[in-house]
Amino acid sequence: MEEAFIDTSYMRYYIIKDKRVLRDSYIPDSLPGREEQIFRFSQIMADLLSDQPPNDVSFVGKPGTGKTAVVKHVTKKFKEEYPKLRAKFVYVNCSQATTAYRVLYQLNRSLQVLVPPSGYPFDVLRDKFVDAYSSSNVRLVVILDEVDLLVKRDGGRLIYMLNRLNYDLPQNLSISLVVISNTIDFLERLDPRTRSSFEPDRLIFPPYNQPQLYRILRQRADLGLKLGTWEDEALQFIAAKVAQESGDARRAIDILRMAAEIAENERSDKLTVRHAEMALQSVNEEEVAITIRTLPLHHRLIMLAITDLLEKREARPGTGRIYEEYKKRANRYGVTPLTMRRVSGILRELEAQGLVEIQMDYGGARGNTKVVRRMALPPKSMKELLRNLGIR
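In this report, we go over the structure that sits alongside the text. (Residues numbered from 1 in each chain as written. Predicted model: local features only at pLDDT ≥ 70, side-chain atom pairs only at ≥ 80, totals over all residues. Heavy atoms only, no water.)

Positionally, Arg220 belongs in helix H9 (residues 210–224). One buried charged residue, Arg220, forms no salt bridge at all, with the nearest opposite charge on Asp24 at 7.5 Å. At 3.1 Å, the side chain of Arg220 and the backbone oxygen of Tyr26 are in polar contact. Other than its neighbours up to four places away in sequence, Arg220 contacts Val21, Leu22, Arg23, Asp24, Tyr26, Pro28, Leu225, Ile253 and Leu256. (Helix = DSSP H or I, 4+ residues; strand = E, 2+ residues; numbered from the N terminus. Buried < 20%, exposed > 50% of the residue type's maximum accessible area, 1.4 Å probe, protein only. Lys, Arg positive; Asp, Glu negative; His and termini not counted. Salt bridge = Lys/Arg side-chain N within 4 Å of Asp/Glu carboxyl O. Polar contact = N/O pair within 3.5 Å; in protein donor to acceptor, adjacent residues only side chain to side chain. Contact = heavy atoms within 4.5 Å.)

Now the structure itself:
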């Protein structure tokens, strides 16, 4: 019987050396642009070296600003450099453990307490955790990543409970909290009881600027791409674009990875600015598509109305013109058009989702009105995307 032959020559990488490095989940040995936050967090955790409980800490910043990377980087260093440290770091991602029960379940598991993932009364779960921790001999540092999601679902009761346990623990034990939030006003959202007992040190993570993003991308290129296989201008281009849009390092790294993959698929010798431009466009389209798929029908019809007006080169269509075009499409789909006031509100919702850019047009015979300056994608691309979703 003839053996099957698989041609693997196309799988050879000409540019990519280590694909792991081109993903945001990879945490390098140094974090460009976050030296200050690393220093301050390390200072706070340094109390553990003298067997003292470290202060609670709140990491605050938008997604992609290095919060998770910093906490994992510092705790890893502590574990490696001080293997006999009388401390235990427990990381919990609240996007997966979205309730106080789920978090407490993971804390129990970290102390080798076997409990079911559901079904126990919360008080029983808490008592098992308290009993297990009270018989341990370590200071506990609990890291709650994306804590906004937990607080939104369950309020601040878990934070309050863990914080208050310190009053009943012996002197050689303590629970310190490190909470990581994507919203600036996270602490202000906590109920008064929790806020009065939880006063963490704050570490602010601003969006990355262009030089910082370039350093991040250069580090990833040095580690993840083969020597001499990229143009420095391509990294500068990605850094400048992402700094202007959001300052999100995850996005910059994703664009670099996609640009490298595009260059590989073309069998190019180098990753160029053209590949970076194509990757940026592809990432933008993918993000917009994900957002539009979640929109209700009327929101999509309004997007189509704006697209058609911009495609006809109507400069900065206002709310009135958008409403007229939207009504035509609503009638075509056999649905009752929404009111002008509701459509005006939806325009603001679309702006908040980054799908359109709106500004107020003041004065004129018809008074003030909202006008659409541009969309997240060129009109032709947006129309094709909507058509693929059945909106035409």
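Bringing the side chain of Asp56 into the picture now. Relative to the assigned elements, Asp56 resides in the loop between helix H1 (35–45) and strand E1 (57–61). This buried residue, Asp56, is left without a salt bridge; Arg164 holds the nearest opposite charge, at 11 Å. Among the polar contacts made by the side chain of Asp56, one reaches the main-chain amide nitrogen of Leu177 at a distance of 2.8 Å. Aside from chain neighbours lying at most four places away, what touches Asp56 is Asn163, Ile175, Ser176, Leu177, Phe198, Pro200 and Asp201.

Our next topic: the packing of aromatic side chains. Using the criterion set out here, one finds six aromatic pairs in the structure. Between Phe78 and Phe89, the aromatic rings sit 6.4 Å apart at their centres with planes inclined by 65°, giving edge-to-face as the arrangement. Of this pair, Phe78 sits in helix H2 (residues 67–81) while Phe89 is found in strand E2 (residues 87–93), placing the two residues 11 residues apart along the sequence. The two residues Phe78 and Phe89 agree in class, both being buried. Aromatic pair Phe129 and Tyr133: ring centres 6.3 Å apart, planes at 10°, arrangement stacked. With Phe129 and Tyr133 both in helix H4 (residues 122–134) and four residues apart, this pair spans about one turn of that helix. (Phe/Tyr/Trp six-rings, centres within 6.5 Å; stacked < 30°, edge-to-face > 60°.)

A word on helix H6 (residues 157–165). A large share of H6 lies buried, amounting to seven of its nine residues. Leu158, Ile159, Tyr160, Met161, Leu162, Asn163 and Leu165 are the residues of H6 that are buried.

By themselves, these observations are geometric and do not establish any function.
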